[in-house]
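# Notes for the structure review
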Amino acid sequence: KPSVSPEMDIMEYCRKEWRGNTPVAKTMRKGYEAVAQKFASIRRIRGDNYCAFRATLFQALSQATQLPRWLQSEDFTMLPENLLSKYDWIKQWQLKQKPGKNMGEISDEIKKYLTLLRKKWKNISEIKSPTEKQEACDKLFKNEEEEYSLYEALKFLMLNTAIELYNADKNGRRVPVFSWLLFARDTSSNPYQLMHNHLNHIGHSGGLEQVEMFLLAYALQYTIQVYRLYKYSTDEFITLYPNDPEEDWPVVILITEDDRHYNIPVRMCQETML
């Protein structure tokens, strides 16, 4: 199955998926109608436990026109070494399909993933033609080996961001509210537990929880705007991660029916663009 399916008319998709007259089906149809005011089409994202990563990264790369600042820094690829020198427990990082690697290899592997992320982002952001950019993204998300390596890079960036936030809070600096919520969970009261009980399992036995969507947004320095269809007609129908984004962060837009699986809306309607 392709990771990102070809685009389909958004209301046609809705009619196919939500035929009945149950209250849920009615809510979903109204939600899709609202999204259809802004977007003409939808692309389905393959539903494994990586779908939040897949949808977010695909959207970010599809509209990338430059390399984000954090990807430009000289020591970006030194991150695994730097963190491992301070936090011995990172040796327990679970590499995709390669459990039980030793510390040196973990550092090298993650460095490889981070290097790949920078390279792909740079290459795609330099493509001027929108059609060619889209083709390059489609091609990347058909290459399973590379695709999953990019998700490993994102997970590691999330860990790094979590460590930064945790330390900032411990040193009395201001941190976003979601950071307190992240470390208020019994299963992630510190970065080690977050890695052990959550990040190591993403993609294998679970996807991203709500609070981890905030962490992903912070790691990428992107605002993730999500149409949460089952929340139609409530304040939470359109949710932003983070909810007080930095003004210069780019925005990616996703759709979810249940906060577990994410698809992407494409082709902004002409009126919206004007």
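Here the residue index of a chain counts from 1 through its sequence in written order. Per-residue local features of the predicted model are confined to residues with pLDDT of at least 70, and side-chain atom pairs are confined, for both listing and counting, to 80 or more; whole-chain, interface and lining totals are unaffected and use all residues. Heavy atoms from the whole structure form the basis of all side-chain values; hydrogens and water molecules are not counted.

Looking at an unreviewed UniProt entry, one finds the chain named ubiquitinyl hydrolase 1, with Pardalotus punctatus as its source organism. UniProt positions are given in the numbering used here, feature names are shortened, and annotations may be inferred rather than shown by experiment. Annotation of the chain in UniProt includes, under Subcellular location (unreviewed entry), the sentence "Cytoplasm". Recorded in UniProt under Catalytic activity (unreviewed entry), the annotation for the chain is "Thiol-dependent hydrolysis of ester, thioester, amide, peptide and isopeptide bonds formed by the C-terminal Gly of ubiquitin (a 76-residue protein attached to proteins as an intracellular targeting signal)."

A separate point is the sheet that holds strand β2 (residues 39-43). Note: two strands are recorded as paired if DSSP finds a minimum of 2 bridges between them. Elements are defined by DSSP. Helices are runs of H or I of four residues or more, strands are runs of E of two residues or more, and each kind is numbered from the N terminus. Taken together, six strands build an open sheet; the order of strands is β1-β2-β6-β5-β3-β4 and the sheet is mixed. Strands at the two margins of the open sheet, each flanked by one partner only, are β1 (8-9) and β4 (238-241). Bridge count between strand β3 (residues 223-228) and β4: four bridges; the pairing is antiparallel. Across the sheet, tyrosine 227 pairs through a bridge with isoleucine 238, a residue of β4.

So, about helix α9 (residues 177-184). In this scheme, a residue with accessible area under 20% of its type's maximum is buried, one over 50% is exposed, and one in between is partly exposed, where area comes from a 1.4 Å probe on protein chains only. The set of residues buried in α9 consists of Phe178, Ser179, Leu182 and Phe183. The buried residues of α9 all sit within an arc of 130° when viewed along its axis, so they share a single face. Exposed and facing more than 90 degrees away from the buried side of α9 are Val177, Leu181 and Ala184. Elements in contact with the buried residues of α9: α8 (144-170), α10 (191-197) and α11 (210-220). Working note: the arc is built from the helix axis to C-beta atom directions. The criterion used for residue contact is that any of the two residues' heavy atoms lie within 4.5 Å.

Another point: the pattern of salt bridges. Two side chains that carry opposite charge are able to pair once their charged atoms sit near each other. A side-chain nitrogen of Lys or Arg and a carboxyl oxygen of Asp or Glu constitute a salt bridge if their distance falls within 4 Å. This model, assessed by the stated rule, comprises 20 salt bridges. Close ionic contact of lysine 155 with glutamate 152 constitutes a salt bridge, the shortest N to O distance being 3.6 Å. With a gap of three residues between them, lysine 155 and glutamate 152 both fall in helix α8, about one helical turn apart. The exposure class assigned to glutamate 152 is buried, which follows from its relative accessible area of 1%. Between lysine 231 and glutamate 236 there is a salt bridge, with the nearest N and O atoms lying 3.7 Å from each other. Members of the salt-bridge network, linked through shared partners, are Arg46, Asp48, Arg54, Glu144 and Glu147.

Our next topic: the pairing of β2. Here β2 lies mainly inside the structure; four of its five residues are buried. Of the strand pairs in this sheet, β1 and β2 are connected by two bridges, and their pairing is antiparallel. Across the sheet, the residue bridging to methionine 8 is isoleucine 42, located in β2. In this sheet, strand β6 (residues 262-268) lies alongside β2 in antiparallel orientation, the contact comprising four bridges. Looking across to β6, one finds that phenylalanine 39 is bridged to methionine 268.

All right, on to the side chain of arginine 54 then. You can see arginine 54 is positioned in helix α3 (residues 51-62). Given the relative accessible area of 0%, arginine 54 is considered buried. Polar contacts involving the side chain of arginine 54 include one to the main-chain carbonyl oxygen of arginine 46, which spans 3.0 Å. Excluding its chain neighbours within four sequence positions, the residues that come into contact with arginine 54 are Ser3, Val4, Ile45, Arg46, Asp48, Phe141, Glu147, Tyr148 and Tyr151. The term polar contact refers here to a pair of N or O atoms within 3.5 Å; inside protein, the definition further demands a hydrogen-donor-capable atom paired with an acceptor-capable atom, and it admits residues adjacent in sequence only when both atoms are side-chain atoms.

With that out of the way, let us pick up the UniProt feature "active site" (unreviewed entry) in the chain. Taking the UniProt record as the reference, the feature "active site" (unreviewed entry) is found at Asp48, Cys51 and His261. Spanning 214 residues, the named residues form one tight spatial group whose C-alpha atoms are at most 8.3 Å apart. Following the sequence through the fold, aspartate 48 ends up in the loop between β2 and α3. By relative accessible area, which is 23% here, aspartate 48 ends up partly exposed. Apart from the residues within four sequence positions on either side, aspartate 48 is in contact with Arg54 and Tyr148. A residue is classified by how much of its surface remains accessible, and cysteine 51, at 3% relative accessible area, is buried. Excluding anything up to four places from it in sequence, cysteine 51 contacts Ile45, Arg46, Arg260, His261 and Tyr262.

Vacant regions in the atomic arrangement are exposed by a probe of water-molecule size rolled over the atoms. A cavity, in this analysis, means grid points on a 1 Å lattice covering only the protein atoms where a 1.4 Å probe fits yet has no way out; a pocket is instead an open set bounded by protein on both sides within 12 Å along at least five of seven lines, and a residue lines either one if it has an atom within 4 Å of a point. Grid points are joined across faces, edges and corners, and a volume is the space filled by probe spheres set on the points. Here the largest pocket is characterised by a volume of approximately 580 Å³. Taken together, 21 residues make up the lining of the largest pocket; nearest its centre are Gln59, Ser62, Gln134, Val266 and Arg267. At the level of secondary structure, the elements contributing two or more residues to the lining of the largest pocket comprise β2, α3, α7 (130-140), β5 (251-256) and β6. The element best represented in the lining of the largest pocket is α7, accounting for six residues.

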